[in-house]
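# Remarks on the overall topology
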Amino acid sequence: MVSINDKVRLSSCPSRLVSALPENPYLLLTPGPLSTSQTVKSTMLRDWCTWDDDYNNIVQSIRARLLQLAHDNGSLTCALMQGSGTFCVESVIGSSIPASGRLLVLANGAYGARIGKIAECLQIPVVVRDFGEVSPVDANEVARCLEDHPQTSHVAVVHCETTTGMLNPINEISEVVKGSNKTLIVDAMSSFGGIEMDLPNLGADFVISSANKCIQGVPGFGFIIATRGAMQECNGRARSLSLDLYDQWHSMEQGGGKWRFTSPTHTVRAFEKALDELDEEGGVSARAARYATNQENLVTGMRERGFEPLLTDEFQSPFITSFLSPQHPDYNFGKFYERLKANGFVIYPGKVTGADTFRIGNIGEVYPDDIEQLLQAVSASMYWA
């Protein structure tokens, strides 16, 4: 046990502090929360005051650095929001669509469908166009949907649908949506920071992501990057006090990084460290390359062991892959999962309604050597083979 005096000494010696942190019993191969670095975790051992300038300067720095990742040309702004990624999505849906507005959701998985449920709960008129779980959103069909529903004011789509690992053709979708003069909302929860995104060029009005995804922070808040015009139009539209996006943004703008209500201070500080580590890795392009290598090695190795991905390579994202479960009478996901966990790896159950699958993510503090060790653990865990 670490004594109080030892804790004091550790707090002034980051290297010793990191070495004193407990080791993780397994690696998270999930789409988030994900395995984070020891140095990111260590930053949460200090307390922060939400009113202090030191803390609010961190918030302002994070907002500015997120805009840099988005390739801001001066047209964008950023707000942080407490809660999970879904909280952030709900804040955008509930704050951006006026009482007279209509929402079209382009769905091909559970997270697109969830946006439709959010709209229904908020009593916002919504049409959900379901493209099926194994097909990408078709931009030509989006154009037809907008013709069929001319009263549509806002369109929402998920960039990387983690139900399957599908990467939707966001640029083609945006071209159609913005060409029809509609407001575009992009759920980039599992993609922002893990793949280059030039948001001014993309043309989306709102892009939403979370601290515990590709930037490799910990859960506790998400962020919304929006055009300044779209953010300002949210004024007075919110259907919730806590999730009022305009008020949250306005408070940060006018208060120098001040949140309206208690912020997740430890998570915010960890996120700043995660941004530092993203820079040290070489930025988004370098991280994207690592994720792509992880995913390619994963699929190659799993195929060698008799597993097939649900999606074709053409539609597959580099963030998470769904695999078809073995067609063997003795196979049981729960048993397979526990064996992998005992060997140091945690994977995700399937979320696809039309097929028996499981999912393996390769984002976070995960490297090609980790994937190789996972593949060895898969071989050791195939009790039915």
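Details of the structure are given in the entry above.
In this report, we go over the structure that sits alongside the text. What you see is a predicted model; the values in this text were computed from it and never measured.

What follows is about the sheet that holds strand β4 (residues 126-130). Ordered by their spatial adjacency, seven strands build an open sheet running β2-β10-β9-β8-β5-β3-β4, and the pairing between neighbours is mixed. Each edge of the open sheet is held by one strand with a lone partner, namely β2 (76-82) and β4. Across this sheet, the average inter-strand angle for adjacent strands is 20°, counted without regard to direction. Inspection of the sheet shows strand β9 (residues 206-210) paired to strand β10 (residues 221-227) by five bridges, in the antiparallel sense. Bridged to S209 within β10 is F223.

Right, let's talk about the nonpolar core for a bit. Formed by 51 residues in total, the largest nonpolar core has its most connected members in L66, L80, F192 and I225. Counting residues per element, this core draws most heavily on helix α4 (residues 53-69), which supplies seven residues. Setting aside anything within four residues of it in sequence, one finds I225 in contact with L66, L67, A70, L76, T77, C78, F192, L199, D205, F206 and V207. Among the nonpolar cores identified, the runner-up in size contains 30 residues, and I93, A119, I224 and L243 belong to it.

It is worth spelling out the packing of α4 against helix α12 (residues 265-281) at this point. Put simply, α4 and α12 touch, their axes get as near as 10 Å, and they point 40° apart. Taken together, the axes of α4 and α12 lie oblique to each other. Between α4 and α12 lies a crossing of left-handed hand. Taking contact as the criterion, the partners of Y55, I58, V59, I62, R65, L66 and L69 in α4 are, on α12, T265, V268, R269, F271, E272, L275, D276, L278 and D279.

What follows deals with the pattern of salt bridges. If you walk through the whole model with that rule in mind, you get 13 salt bridges. Measuring nitrogen to oxygen at the nearest pair gives 2.9 Å for the salt bridge that ties D279 to R65. Linking D279 in helix α12 with R65 in helix α4, this pair joins segments that are 214 residues apart in sequence. According to the relative accessible area criterion, D279 is partly exposed, its value standing at 48%. Among the residues examined, R65 registers a relative accessible area of 16% and is labelled buried. Within the structure, one salt-bridge network assembled from shared partners comprises R63, R228 and E253.

What counts and what doesn't
Residues numbered from 1 in each chain as written. Predicted model: local features only at pLDDT ≥ 70, side-chain atom pairs only at ≥ 80, totals over all residues. Heavy atoms only, no water. Pairing = 2+ DSSP bridges. Helix = DSSP H or I, 4+ residues; strand = E, 2+ residues; numbered from the N terminus. Axes fitted to C-alpha atoms, helices over the stretch in contact; angles between N-to-C directions. Core = buried A, V, L, I, M, F, W, Y, C linked by side-chain atoms within 4.5 Å. Buried < 20%, exposed > 50% of the residue type's maximum accessible area, 1.4 Å probe, protein only. Contact = heavy atoms within 4.5 Å. Parallel < 35°, antiparallel > 145°, perpendicular 65-115°, else oblique. Left-handed = near helix turned anticlockwise from the far one by under 90°. Salt bridge = Lys/Arg side-chain N within 4 Å of Asp/Glu carboxyl O.

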